[in-house]
Amino acid sequence: MRVIEVPFCFYPDPVGGTEVYVEALSRYLQQQGVEVLIAAPGEVNQSYLYNQLRVRRYAISSKVENLRQIYGEGDRQAVLEFSRILETEQPDLLHLHAFTSGVSLGLVQAAKERKIPVVFTYHTPTVSCLRGTLMQWGTDICDGKVDLKTCSQCTLQGLGLDRTSAKAIASLSPQVGRWLGNLNLQGGAWTALRMTELVSLRHTVLHTLLSEVDHIVAVCDWVKHVLLVNHVPAKKITVIRQGLCHDLPEKAKSSQKYPQATLNIAFLGRLDPAKGIDILIKALAAVPQLAVCLDIYGISQASDTYLQELQTMAAKDPRITFKLPVPPEKVMSTLTNYDLLAVPSQCLETGPMVVLEAFAAGVPVIGSNLGGIAELVESEVNGILVEPNSVEDWSQAINRLCQDRQALMRLRAGIESPQKMAAVATHMQSIYRFASNWALGNNV
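How each quantity is defined
- Residues numbered from 1 in each chain as written.
- Predicted model: local features only at pLDDT ≥ 70, side-chain atom pairs only at ≥ 80, totals over all residues.
- Heavy atoms only, no water.
- Axes fitted to C-alpha atoms, helices over the stretch in contact; angles between N-to-C directions.
- Helix = DSSP H or I, 4+ residues; strand = E, 2+ residues; numbered from the N terminus.
- Parallel < 35°, antiparallel > 145°, perpendicular 65-115°, else oblique.
- Left-handed = near helix turned anticlockwise from the far one by under 90°.
- Contact = heavy atoms within 4.5 Å.
- Nonpolar A, V, L, I, M, F, W, Y, C, P; charged D, E, K, R; others polar.
- Disulfide = S-S within 2.5 Å.
- Buried < 20%, exposed > 50% of the residue type's maximum accessible area, 1.4 Å probe, protein only.
- Pairing = 2+ DSSP bridges.
- Right-handed = clockwise from strand over helix to strand, strands pointing away.

**Notes on the packing of helix α5 (residues 148-158) against helix α9 (residues 195-212)**
Stage number 1. The geometry of α5 relative to α9 is characterised by a closest axis approach of 9 Å and an angle of 120° between their N-to-C directions. One way to sum up the angle between α5 and α9 is to call them oblique. The hand of the α5/α9 crossing is right-handed. Contacts between α5 and α9 involve Leu 148, Cys 151, Ser 152, Thr 155 and Leu 156 from the first element and Met 195, Thr 196, Val 199, Ser 200 and His 203 from the second.
Stage number 2. The class makeup of the residues in the contact of α5 with α9 is five nonpolar, five polar and no charged.

So, in structure tokens, the structure goes:
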């Protein structure tokens, strides 16, 4: 079987968890006899090898001419260049791992024109949530059902408008936005005034995407719920949780942990407000007497404003250290040096992968009682779940583990080894066969 895997971007560019997942899945699929090509948007067309995987980058437009490309139809040049890849590669199946301007509905339709079955994996809330968090008003868990008025209000408030203004603008007809869009008015207030049109476009292409793909992989239970409330048939959805992308080094496996005088906590991930590092720093500031060490292995974004804010918050606390990001293959060995992994996310995660890596390293997790974290962490068994935005709850949980180190040992004993990506690849092959048969049936 020849399969094309399509993530949002790929190495050597800066990557996120989805790309780490795609690289590992592709590697294991290839070991199991599947011929894999990774195709990802890029600045120019190019071909190269990465870890013995074939990679083709297809060029996207250097400039967005109209917001409708982002919210609706997608990048036309990307579709054209990707269609050429389909022509030359002649895959048996297409597997999308993103839904963006560069990985758009147009790619699905290009495959469908050639009778190529398509599988889609929902990796992050950005697939169906324009705010990108599935937290309504930034504070409440959303049920995930897309609704023009509700989503427009929430998106506008997330962009900085107060609720009253957001609700007022969200009451505008999409026709107003279409009229402004035809005049190519965008940016600032114009974008806000066009929001109902743009949200309507996004919802239309989302529903079309979910309808046209042959099968959908949900990486956790809440994703399946979101798909179901948006009328995706249950038989079209399979939950396949993430697996470990790398093996834990033998040396790290044999290491034995004993309670130390200082509670060593690690955070690994993006330096983004949605990841909640500021909550963690505030929680430590509330208990200055505790013997705690927090090391933040942060991946900085294009803008380092948030990093500067965090550094300012932590400047007077010598217990907090900012460190360079850890390469994916070294995450587990790094975690073996810590007593606890902190995952203070303020949004719905589909993993995150680092929780599995912590468990593989024998490290309990203290995490937000949200989404995928709450699905992986069993509170008081292999970790502690905390109310996401409560500094007091985080402080109390950390204080408790500092005072009762035997509790930490009990949590460590409750950890079970997570599945590996090899198992995910085996399961994915069955999905590929099912999707191919489904597509064949639909084309008859």
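**Observations concerning the state of the cysteines**
Stage number 1. Counted according to the given criterion, the structure contains zero disulfides.
Stage number 2. Note on Cys 245: no disulfide assigned, nearest cysteine sulfur contributed by Cys 9 at a separation of 15 Å.
Stage number 3. By relative accessible area, Cys 245 is classed as buried at 1%.

**Observations concerning the pairing of strand β15 (residues 365-368)**
Stage number 1. Pairing geometry for strand β14 (residues 340-343) and β15, over three bridges, is parallel. In the strand pairing of β15, Leu 341 is matched with Val 365.
Stage number 2. Crossover handedness for the path β14 to helix α15 (residues 353-360) to β15: right-handed.
Stage number 3. The sheet contact formed by β15 and strand β16 (residues 383-386) spans four bridges and is parallel. Looking at the pairing, Gly 367 lines up with Leu 385 of β16.
Stage number 4. Regarding topology, helix α16 (residues 371-376) serves as the crossover connection from β15 to the parallel β16, and that connection is right-handed.

**Overview of the sheet that holds strand β4 (residues 53-59)**
The strands making up a sheet associate through hydrogen bonds between their backbones, and the pairing can be parallel or antiparallel.
Stage number 1. Spatial ordering of the open sheet is given by β3-β4-β2-β1-β5-β6-β9-β10, a layout of eight strands whose pairing is mixed. On the outer flanks of this sheet lie β3 (46-50) and β10 (237-239), each paired with one strand and no other. Across the sheet, the mean angle separating the axes of adjacent strands is 25° when strand polarity is ignored.
Stage number 2. Here helix α1 (residues 17-31) sits on the sheet and contacts β1 (2-6), β2 (35-42), β3, β4 and β5 (93-96); the angle it forms with β2, its principal contact strand, is near 160°.
Stage number 3. Strands β1, β2, β4 and β5 of the sheet are contacted by helix α3 (residues 76-89), whose axis makes an angle of about 145° with β4.

**Comments concerning unusual backbone geometry**
Stage number 1. The peptide bond linking Tyr 11 to Pro 12 adopts the cis configuration, its omega dihedral lying at 5°.
Stage number 2. By the element assignment, Pro 12 lies in the loop between β1 and α1.
Stage number 3. Positive phi values are uncommon outside glycine, yet Trp 137 reaches one of about 60°.
Stage number 4. Relative to the helices and strands, Trp 137 resides in the loop between β7 (135-136) and β8 (140-141).
Stage number 5. Even without being glycine, Glu 380 reaches a positive phi, approximately 75°.

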